[in-house]
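# Residue-level structural notes
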Amino acid sequence: MERTIGFGIIGCGTIAPWHADSVARIEGARLVAVSDVVEEAARKMGQKYQANWYTDYQKILEREDVDVVCVLTPSGMRKEIVLKAAEAGKHVVVEKPIEVTLERIDQMIGACEQAGVKLAVIFQNRFLPGPRRVKEAMEEGKLGKPILGDAYIKWYRTQQYYDSGGWRGTWRYDGGGALMNQSIHTIDLLLWIMGPVHSVSAKMATLAHKIEVEDLAVATLRFASGALGVIEGSTALYPGFASRLEIHGENGSLILKGEQVVAWELKDGEQIPLPFPPQKAAAGGQADPTKISAEGHYLQLKDMVEAVRANREPLVNGKEGRKAVELIRA
Ligand SMILES: NC(=O)c1ccc[n+]([C@@H]2O[C@H](COP(=O)([O-])OP(=O)(O)OC[C@H]3O[C@@H](n4cnc5c(N)ncnc54)[C@H](O)[C@@H]3O)[C@@H](O)[C@H]2O)c1
């Protein structure tokens, strides 16, 4: 029988239940321990999931029955924890964005490589059937030469959302605004499907919130392939709309609305029943960050368990997770 893969969670905030519920669904995986600097948060989570709880995450790193730690602290508060986890020989899962500057990210990737531990970055939408279908179509050459790739993320967050955690909407700990925290999901898909960007120019503004970072940005892109592209990312656009990813090649066009393919128009006439998949698992977080599908996290953590067992790279490793941050910083 295969050995159980033990998980620890560091940071018991909003996103933590997505990880805990996912681990509970994975055969051969178990949530062993959780930690948060806020005692109440750690205790509640530990009791709910029948896991040991601590206020000091080092206690998790000391445990031999923990193989993987999920670092779910605010975006700019991960590096130090990841470095210690790697040193302790734990495999690491971090939320998006991997961290907030390329310097901090490179230290994390280097530390995990040196320690021989795996580093996975949550981009759960890469695991959902709609985005995967579009990625496969591009890889199979169904679109021919790529021409244009557009990401429109017209989302909405209240001022109360930004005020709900001292780190939200700050350069130091959120790493940016609408692009770095929210639009990054769709920007990651854009890069995954269209390939690397050669050059970018952008304008940004803060128009509807009292925050130091942007709540609106527009960018034009030239991809390395020669294709062009556009990003419009916002958290200022009430009531918030499903994101759109529009991919055009010389042989046709594919459009994702949220995580569903809503247009599949190819010159060769191949058709698929739309929307694909017919049912969406949940809303995409366009107006409320707690309304995201549970499926993506489950599939991605399952991939991590398989990666650990097979000693292969997770599908979204540190280098993959770095790409969207590199473009956003640029
Ligand atoms: N994949 C997604 O769709 C998704 C959705 C929401 C959030 N996120 C990401 O998850 C991360 C956390 O976001 P959130 O909304 O859950 O934030 P949050 O503020 O609700 O939770 C963060 C938690 O980390 C704790 N913490 C801080 N420092 C700690 C430390 N040293 N040790 C232990 N705990 C510590 C805080 O006390 C807090 O409980 C962010 O990077 C965010 O971008 C991803």
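Residues numbered from 1 in each chain as written. Predicted model: local features only at pLDDT ≥ 70, side-chain atom pairs only at ≥ 80, totals over all residues.

## Regarding the overall build of the protein
- Within the protein, the secondary structure is distributed over 10 helices and 13 strands.
- Computed over the C-alpha atoms, the radius of gyration of the protein is 20 Å, within 12% of the 20 Å expected from 2.2 N^0.38 for a compact globule of 330 residues.
- With respect to the principal axes defined by its C-alpha atoms, the protein has extents near 55 × 50 × 35 Å.
- Each of the 330 residues in the protein was classed as buried or not, and the buried ones make up 49%.
- Restricting to contacts in the protein with at least 6 residues of sequence separation, those with at least 24 account for 67%. (Helix = DSSP H or I, 4+ residues; strand = E, 2+ residues; numbered from the N terminus. Rg over C-alpha atoms; globule rule 2.2 N^0.38 Å. Buried ≥ 20, exposed ≤ 12 C-beta atoms within 10 Å, placed from the backbone. Contact = placed C-beta atoms within 7 Å.)

## Thoughts on helix 8 (residues 178-194)
- For helix 8, the principal kink sits at I184 and spans about 70°.
- Most of helix 8 sits out of view: 17 of its 17 residues are buried.
- Just downstream of helix 8, G195 is the residue with a positive phi angle, here 90°. (Bend = angle between axes of the 7 residues up to and from the residue.)

## Here we look at the domain arrangement of the protein
- Looking at the protein, the domain boundaries give domain 1 (5-123 + 295-318) and domain 2 (129-266).
- The C-alpha-based centres of domain 1 and domain 2 are spaced at 26 Å.
- Contacts between the two partners involve eight residues from domain 1 and, on the opposite side, nine residues from domain 2. (Domains from an automatic or database assignment.)

## Notes on the nonpolar core
- Ranked by size, the top nonpolar core spans 89 residues in total, and within it F7, I9 and V92 carry the most contacts.
- The greatest single-element share of this core, amounting to 11 residues, is contributed by helix 8.
- Counting the residues that make up this core, at least three belong to each of domain 1 (5-123 + 295-318) and domain 2 (129-266).
- Beyond its immediate stretch of four places on either side in the chain, I9 contacts A16, H19, A20, L31, V34, C70 and L72. (Core = buried A, V, L, I, M, F, W, Y, C linked by C-beta atoms within 7 Å.)

## Digging into the sheet that holds strand 10 (residues 228-234)
- Pairing is mixed in the open sheet, where seven strands are placed in the order 8-9-10-7-11-12-13. Two strands close off the open sheet at either side, each with one partner strand: strand 8 (197-205) and strand 13 (260-266). The sheet shows a mean angle of 10° between the axes of neighbouring strands, direction not considered.
- Where strand 8 meets strand 9 (residues 216-223), eight bridges bridge the pair, whose relative direction is antiparallel. From the neighbouring strand, A202 faces strand 9, where its bridge partner is A219.
- In the packing of helix 8 onto the sheet, the strands contacted are strand 7 (146-154), strand 8, strand 9, strand 10 and strand 11 (244-249), and the crossing angle to strand 7 comes to about 160°. (Pairing = 2+ DSSP bridges. Axes fitted to C-alpha atoms, helices over the stretch in contact; angles between N-to-C directions.)

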